[in-house]
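The residues making up each chain are set out below.
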Amino acid sequence: MSIQLTAKTAAINSMRIALKLVANDQTSFAPAQNADDIFAAIKPCSLAQVIGESAIDLEIDVSSLDAGIDNLATASQQTLSFSDYFAQAIAHIEQQHTVLLSHPAIPYRVLMMPAIVAAKHRCHPHAYLTGLGEADDMQCAMQNALAQAKREHITPTLVDVTELTCYKDKFTQLVMLISRIAARRLPDTTLPTVTSDKQNNSNQANAKYWFTQMHQNRVASFNFTENGKQHAAVFVQGTELAQASSMLDENRLFFPLAANTSACMIQSLHELLVALNRLNQQQSNQLDSQRLLNKPSHVISLMLNYLKTFDQTKSLSAVIMANSVVTAIAEIEAMLAKISTASNDTSGSINELEYKTPSGSCLTITQHEALGRSGVCFVYPGVGTVYPQMFAQLPQYFPALFAQLERDGDVKAMLQADCIYAENAKTSDMSLGELAIAGVGASYILTKVLTEHFAIKPHFAMGYSMGEASMWASLNVWKTPHNMIEATQTNSIFTSDISGRLDCVRQAWQLEHGEDIVWNSFVVRAAPTEIEAVLADYPRAYLAIIQGDTCVLAGCEQSCKALLKQIGKRGIAANRVTAMHTQPAMLIRDNVQAFYQQALHDQDVLNAQASSIKFISAASQIPISLTSQDIANSIADTFCQPLNFTKLVNNARHLGARLFVEIGADRQTSTLIDKIARTAANTDSHLNAPLSAIAINAKGDDQTALLKCIAQLISHKVPLSLQYLTENLSHLLTASITRENRQQSQTAQLAPQLEGEQS
C-alpha cells in the first residue's frame with residue numbers, strides 16, 4: 001500500500017535531514033553519455049561510504065516503476081511513487097536510521113540521515129531537506145514546504161520537474177540539484193519534457209554561479225507532480241563544497257619543463273615529444289572498436305608526472321600548452337625550431353630568447369637575472385575594465401575561495417553581479433561607483449588566486465588611476481575593504497561630484513544649476529607637449545592622462561574636439577562621464593582623502609607586507625609608507641591630479657620592477673606598459689633593462705588566460721606552487737580511470753551480444 005507523503009513530513013518540523021551524494025558502485029548498466037561529468041565535482045568521502053554501508057537501501061525497481069507511458073497508470077498502482085519514496089525514507093530517518101535513495105542507472109546515490117547523525121560523524125552534507133509540501137496547486141505546496149522549513153520570507157530558486165513522468169528522470173534531476181547546491185551553481189529553473197544527455201552536460205558546464213544575499217544560504221524548491229497532487233521539497237545548502245574542477249584535462253594540456261642549459265632543455269623537449277608521439281601512436285593503432293573507449297587517463301597521467309617532478313631550482317623553465325596531444329606535438333616542434341634558429345653556434349647555446357605562442361607555450365632564456373626572481377610587480381588597472389560575464393568560470397575552479405569571500409563579505413555586491421551577470425548586460429549602463437566596485441572586486445579575487453592558490457608573492461605593487469585603491473584592498477593592507485562597497489555606491493564623490501551631475505565641474509566653471517554639461521574624454525595618439533602647447537586656449541579641456549604614446553583629453557566635448565582639430569589629431573571618444581584627473585577634481589581632494597582613510601590590517605600583517613612589497617604610487621617618487629594617513633593622501637592625489645602613467649611605470653623600473661603582472665579584468669595596462677618600455681629604452685639609457693608585461697585575464701576563456709599567465713610566470717622563474725593544479729588533476733585522473741574501467745567492462749559485456757548479432 002502507498003505511504004502518504006503528508007503522513008510523515010512532521011518529522012522535518014523537529015530536524016533537518018542531511019543529504020550526501022555517494023558513488024553508486026552497483027550501477028547495473030551504462031549511465032547516460034558523460035553522466036560522470038555531471039557529478040565530477042562530488043568529492044569521494046570515506047565517512048559517507050562507511051555510514052552508507054549500514055544504511056537502509058531504497059533502490060528502485062525500474063522494471064515496474066519506470067514502465068512505459070502506456071503502462072504508467074498500472075505501474076503507479078503497483079509500486080511506490082517518487083513522493084512515496086521520500087515518505088518511506090523520512091519514516092526511517094525519524095527512527096534515527098540512515099537511508100540510501102538510489103536508482104540503478106544513476107551513478108550517485110542520495111545518502112539521507114538526521115542532521116545530528118551527520119554532525120556526530122563529522123560528515124559534511126551537500127544539502128539539507130528542510131520542508132515538504134503537498135497541495136492541489138503548486139503555490140500552496142511551496143508555501144507549506146517553506147513554512148515547514150521556517151523560510152517563509154525566502155523566495156527560493158525553483159526547479160520545476162512537473163513535466164517529467166518517470167522516476168529515473170526525476171531522481172536524476174534531484175541528484176543534479178544537490179550537486180549544483182554543493183557547487184554553488186544555479187540549477188536549471190525549468191526543464192523541458194525531454195532533454196538530451198548532451199544538452200544536460202552542456203547546461204551543467206555553463207551553469208552560472210549561484211549568488212545570494214550576504215550571509216544567506218542557497219534555498220531551492222524542487223517541484224513535481226504525482227497522483228494528481230502538487231509536491232514541493234525545500235532544499236538548503238549544506239556545509240560540504242564541491243570538488244574544485246581541474247583546470248587541466250585531456251583538452252587543456254600543460255607540461256612544465258626545467259633544465260640548467262639550453263642543450264638540456266632541448267633534450268627535455270625531445271623526451272616529451274617522444275612520450276607524446278608514443279601516446280598518439282597507441283591511439284592510432286587501436287582497433288576501430290577500441291577507439292570508442294576514450295582513455296584520457298594516459299595523457300592526464302603523463303601531465304601529472306611532469307607537474308609533480310618539475311624542478312623550479314633549475315635555471316631555465318619552459319611550458320608546453322595545447323588542446324590535444326597532436327597540437328602539443330606541434331607546439332614542441334615549433335619551440336625546437338625557434339631554439340635552433342636562435343642558437344649562436346652548433347652547441348645550441350643561446351644568449352637571449354623570449355618565445356611564446358598563441359596556445360600559451362613559452363620559453364625564456366636570458367643572460368641577465370630572470371625577471372621573476374626579484375622584479376615581480378602587481379599592476380592594478382583603473383575603472384572601466386570589467387566586462388559582462390567576467391570570471392563566470394572561476395568559481396568552479398576555486399570554490400573554496402568563493403566560499404571564503406562569502407564568509408568575509410558580500411560577493412554579489414563585490415562583483416556587482418546584478419549588472420555584470422544580467423542577461424544582455426552592458427557595462428556602459430553602469431555608474432562610476434558600480435564600475436569602481438566591480439573593478440576592485442575583480443582585482444581582489446585574482447590577487448587571492450595568485451597569492452593563496454599559487455603562492456606567488458609580488459616584490460612591487462602599483463595601480464593605474466583608481467587601481468591604486470584596488471591595490472590597498474587586495475594586498476592585505478586595508479582590514480575591512482568589503483565595508484567600502486556600500487559607501488562607494490552612495491558617496492557623492494562617485495554619484496554626483498565627479499560623475500553624474502559633475503558638481504565639482506559646475507563649481508569650477510561657475511555654472512548655473514540648470515546649465516547642461518556635455519562631458520567626454522578622448523584617447524589621442526599625441527605627445528603631451530603637443531596638447532600642452534594649446535591647452536591654455538581651451539580652459540574647459542584637460543590633459544587628464546599621459547600613457548606612453550597616447551594621452552587622454554577630457555572636459556567639455558566641444559572644447560576637446562576643437563583642440564584636437566587645431567593640433568590635427570583624431571581622438572577616440574570614451575563616452576564616459578568622469579572628471580577624475582582634472583583640475584575641477586581638486587575641489588573635492590579633501591573629501592577623497594577622508595573617504596579612503598581606512599582602518600589598516602593588524603600590525604604583524606602590515607609588517608610582513610612592508611618587508612616584502614614596495615607599494616608605488618603615481619603621487620610619489622618613493623614607496624608609500626603603510627600608514628592610514630599616507631595611503632589616503634596618496635590615493636587622493638592620484639585620484640584628483642592628472643595621471644602620468646608613463647612616469648609611474650618608469651619610476652617602478654628605477655625601483656627594480658621588471659615583470660609587470662596585470663591583476664584585473666581584461667588587459668588595460670599590459671599593452672601600455674610594453675609601449676612605455678619601448679619608448680623609454682630609446683630615451684633613457686638607465687631604462688634599458690629587460691621588461692615584460694603579462695595579463696592574468698582576457699575576455700573569453702578565464703582558465704586558459706590564467707594558465708597562460710602562470711606559464712609565463714614559470715618561464716620567467718617566478719617562485720610559485722603548482723600543488724593546486726596537481727591536487728585537482730589527481731582527482732580528475734582517479735575519476736577518469738574509474739570511468740574508463742566502467743566503459744571497458746560494459747564493452748566486454750556487449751561484445752558477445754554483438755558477435756551473436758553479426759553471426
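If you're wondering where the values come from, they're calculated on a predicted model, not measured in any experiment. (Residues numbered from 1 in each chain as written. Predicted model: local features only at pLDDT ≥ 70, side-chain atom pairs only at ≥ 80, totals over all residues. Heavy atoms only, no water.)

Regarding the pairing of strand S12 (residues 362-365)
Phase 1: Of the two faces of S12, the one carrying Cys-362 and Thr-364 and the one carrying Leu-363 and Ile-365 are both buried.
Phase 2: Two elements, strand S10 (residues 316-322) and S12, share two bridges in a ladder whose sense is antiparallel. Paired with Val-319 across the strands is Cys-362, a residue of S12.
Phase 3: A loop of five residues connects strand S11 (residues 353-356) with S12, the two strands running antiparallel in sequence, and Gly-360 in this loop sits at a positive phi of about 110°. (Buried < 20%, exposed > 50% of the residue type's maximum accessible area, 1.4 Å probe, protein only. Helix = DSSP H or I, 4+ residues; strand = E, 2+ residues; numbered from the N terminus. Pairing = 2+ DSSP bridges.)

Concerning helix H30 (residues 645-655)
Phase 1: The buried fraction of H30 amounts to eight of the eleven residues, a majority that puts the element mostly inside the structure.
Phase 2: Every buried residue of H30 is accounted for by Phe-645, Thr-646, Leu-648, Val-649, Asn-650, Asn-651, Ala-652 and Arg-653.
Phase 3: With a side-chain oxygen positioned 3.3 Å from the backbone nitrogen of Thr-646, the residue opening H30 is Asn-644. (Polar contact = N/O pair within 3.5 Å; in protein donor to acceptor, adjacent residues only side chain to side chain.)

Brief notes about unusual backbone geometry
Phase 1: With a phi angle near 55°, Asn-227 is a residue other than glycine that sits in the positive phi range.
Phase 2: Mapped onto the elements of the fold, Asn-227 is located in the loop between strand S7 (219-226) and strand S8 (229-237).
Phase 3: For Asn-227, a relative accessible area of 60% corresponds to the exposed category.
Phase 4: One non-glycine residue, Gln-389, lies in positive phi territory at about 65°.
Phase 5: For Gln-389, the location among the structural elements is in the loop between strand S13 (376-380) and helix H16 (394-397).
Phase 6: By relative accessible area, Gln-389 is classed as partly exposed at 30%.

Here's the deal with the environment of Ala-330
Phase 1: As for its position among the elements, Ala-330 is in helix H14 (residues 325-342).
Phase 2: Residue classification places Ala-330 among the partly exposed positions, given a relative accessible area of 39%.
Phase 3: For Ala-330 and Leu-273, which are 57 residues apart along the polypeptide, the C-alpha to C-alpha distance reads 9.2 Å.

With respect to the environment of Val-440
Phase 1: You can see Val-440 is positioned in helix H20 (residues 432-453).
Phase 2: Residue Val-440 is classed as partly exposed on the basis of its relative accessible area of 24%.
Phase 3: As for Val-440 and Leu-415, which are separated by 25 residues in sequence, their C-alpha atoms are 8.3 Å apart.
Phase 4: Beyond its immediate sequence surroundings of up to four residues, Val-440 is in contact with Ser-470, Ala-473 and Ser-474. (Contact = heavy atoms within 4.5 Å.)

With respect to the pattern of salt bridges
Phase 1: With the rule as written, the count across this model stands at 17 salt bridges.
Phase 2: In this structure, Asp-136 and Lys-229 form a salt bridge, with 2.8 Å as the shortest nitrogen-oxygen distance. Of this pair, Asp-136 sits in the loop between strand S5 (127-135) and helix H8 (138-148) while Lys-229 is found in strand S8, placing the two residues 93 residues apart along the sequence.
Phase 3: The exposure class assigned to Asp-136 is exposed, which follows from its relative accessible area of 61%.
Phase 4: Exposure remark for Lys-229: the relative accessible area of 30% places this residue in the partly exposed category.
Phase 5: Overlapping salt bridges bring together Arg-589, Asp-590 and Asp-637 as one network. (Salt bridge = Lys/Arg side-chain N within 4 Å of Asp/Glu carboxyl O.)

Some remarks on the side chain of His-581
Phase 1: Mapped onto the elements, His-581 comes out in the loop between strand S18 (571-573) and helix H27 (589-595).
Phase 2: Here His-581 falls in the buried class, since its relative accessible area comes to 3%.
Phase 3: Of note is the side chain of His-581, whose polar atom sits 3.0 Å from the backbone oxygen of Thr-638.
Phase 4: Sequence-distant contacts of His-581, defined by excluding residues within four places in its chain, comprise Ser-465, Leu-543, Ala-544, Ile-545, Thr-638, Phe-639, Cys-640, Gln-641, Pro-642 and Leu-643.

Things to note about the confidence of the model for the protein chain
Phase 1: Mean pLDDT for the protein chain: 86, with 86% of residues reaching 70 or above.
Phase 2: Contacts for the low-pLDDT stretch residues 28-38, under 50 throughout, to residues beyond four places or in other chains number 21 contacts.
Phase 3: Confidence over residues 192-205 falls short of pLDDT 50; this stretch has 20 contacts with residues more than four positions distant or in other chains. (pLDDT = per-residue confidence, 0-100.)

Side note on the sheet that holds S11
Backbone-to-backbone hydrogen bonds pair the strands of a sheet. The strands run either parallel or antiparallel.
Phase 1: Read across the open sheet, the four strands follow the order S9-S10-S12-S11; overall the sheet is antiparallel. Lying at the two open borders of the sheet, with one neighbouring strand each, are strand S9 (253-259) and S11. Each strand of the sheet is rotated relative to its neighbour by a mean of 15°, with strand direction disregarded.
Phase 2: In this fold H14 packs onto S9, S10, S11 and S12, with an angle of close to 140° to the strand it touches most, S10.
Phase 3: In the packing of helix H32 (residues 702-715) onto the sheet, the strands contacted are S9, S10, S11 and S12, and the crossing angle to S10 comes to about 160°. (Axes fitted to C-alpha atoms, helices over the stretch in contact; angles between N-to-C directions.)

Here we look at the state of the cysteines
Phase 1: Taken as a whole, this structure holds zero disulfides when the rule is applied.
Phase 2: Cysteine Cys-504 shares no disulfide, and the gap to the nearest cysteine sulfur, in Cys-640, comes to 8.4 Å.
Phase 3: Take Cys-504: its relative accessible area is 2%, and that puts it in the buried class. (Disulfide = S-S within 2.5 Å.)

Notes on the sheet that holds strand S19 (residues 614-616)
Phase 1: Strand order in the open sheet formed by five strands is S19-S14-S13-S21-S22, with parallel pairing between adjacent strands. Edge positions in the sheet fall to S19 and strand S22 (692-695), since each has one partner strand and no second. Each strand of the sheet is rotated relative to its neighbour by a mean of 20°, with strand direction disregarded.
Phase 2: Note: strand S14 (residues 460-463) against S19, three bridges, orientation parallel. Across the sheet, residue Phe-460 finds its bridge partner in S19, namely Lys-614.
Phase 3: Against the sheet, helix H21 (residues 467-474) engages S13, S14 and S19, with an angle of about 140° to S14.

Quick word on the packing of helix H17 (residues 399-408) against H20
Phase 1: Orientation of H17 relative to H20, taken along the N-to-C sense of each, is 125°, at an axis distance of 11 Å. One way to sum up the angle between H17 and H20 is to call them oblique. For the pair H17 and H20, the sense of crossing is right-handed. Between H17 and H20, the residues in contact are Leu-401, Phe-402 and Leu-405 and Tyr-444, Ile-445, Lys-448, Val-449 and His-453, respectively.
Phase 2: Broken down by class, the residue content of the contact of H17 with H20 amounts to six nonpolar, one polar and one charged. (Parallel < 35°, antiparallel > 145°, perpendicular 65-115°, else oblique. Left-handed = near helix turned anticlockwise from the far one by under 90°. Nonpolar A, V, L, I, M, F, W, Y, C, P; charged D, E, K, R; others polar.)

A look at the environment of Leu-732
Phase 1: Secondary-structure assignment places Leu-732 in helix H33 (residues 723-758).
Phase 2: For Leu-732 and Met-247, which are 485 residues apart along the polypeptide, the C-alpha to C-alpha distance reads 9.9 Å.
Phase 3: Setting aside anything within four residues of it in sequence, one finds Leu-732 in contact with Ser-246, Leu-248, Asp-249 and Ile-300.

Examining H21
Phase 1: The element H21 is extensively covered by neighbouring structure, given that eight of its eight residues are classed as buried.
Phase 2: Turning to H21, its buried residues are Gly-467, Glu-468, Ala-469, Ser-470, Met-471, Trp-472, Ala-473 and Ser-474.
Phase 3: Its buried side turned inward, H21 meets S13, H20, S14, S19 and helix H29 (628-640).
Phase 4: Downstream of H21 by a residue or two, Asn-476 has a phi angle that is positive, lying close to 60°.

Digging into the nonpolar core
Phase 1: Grouped together as the largest cluster of nonpolar side chains are 166 residues, with contacts concentrated most on Phe-254, Met-390, Met-462, Phe-660 and Ile-710.
Phase 2: Every residue in contact with Met-390, bar those within four places of it in the chain, is listed here: Leu-415, Ile-420, Tyr-421, Ala-438, Ala-442 and Ala-665.
Phase 3: Counting residues in each nonpolar core, the second largest holds 36 residues, with Leu-129, Val-161, Phe-224 and Phe-235 among its members. (Core = buried A, V, L, I, M, F, W, Y, C linked by side-chain atoms within 4.5 Å.)

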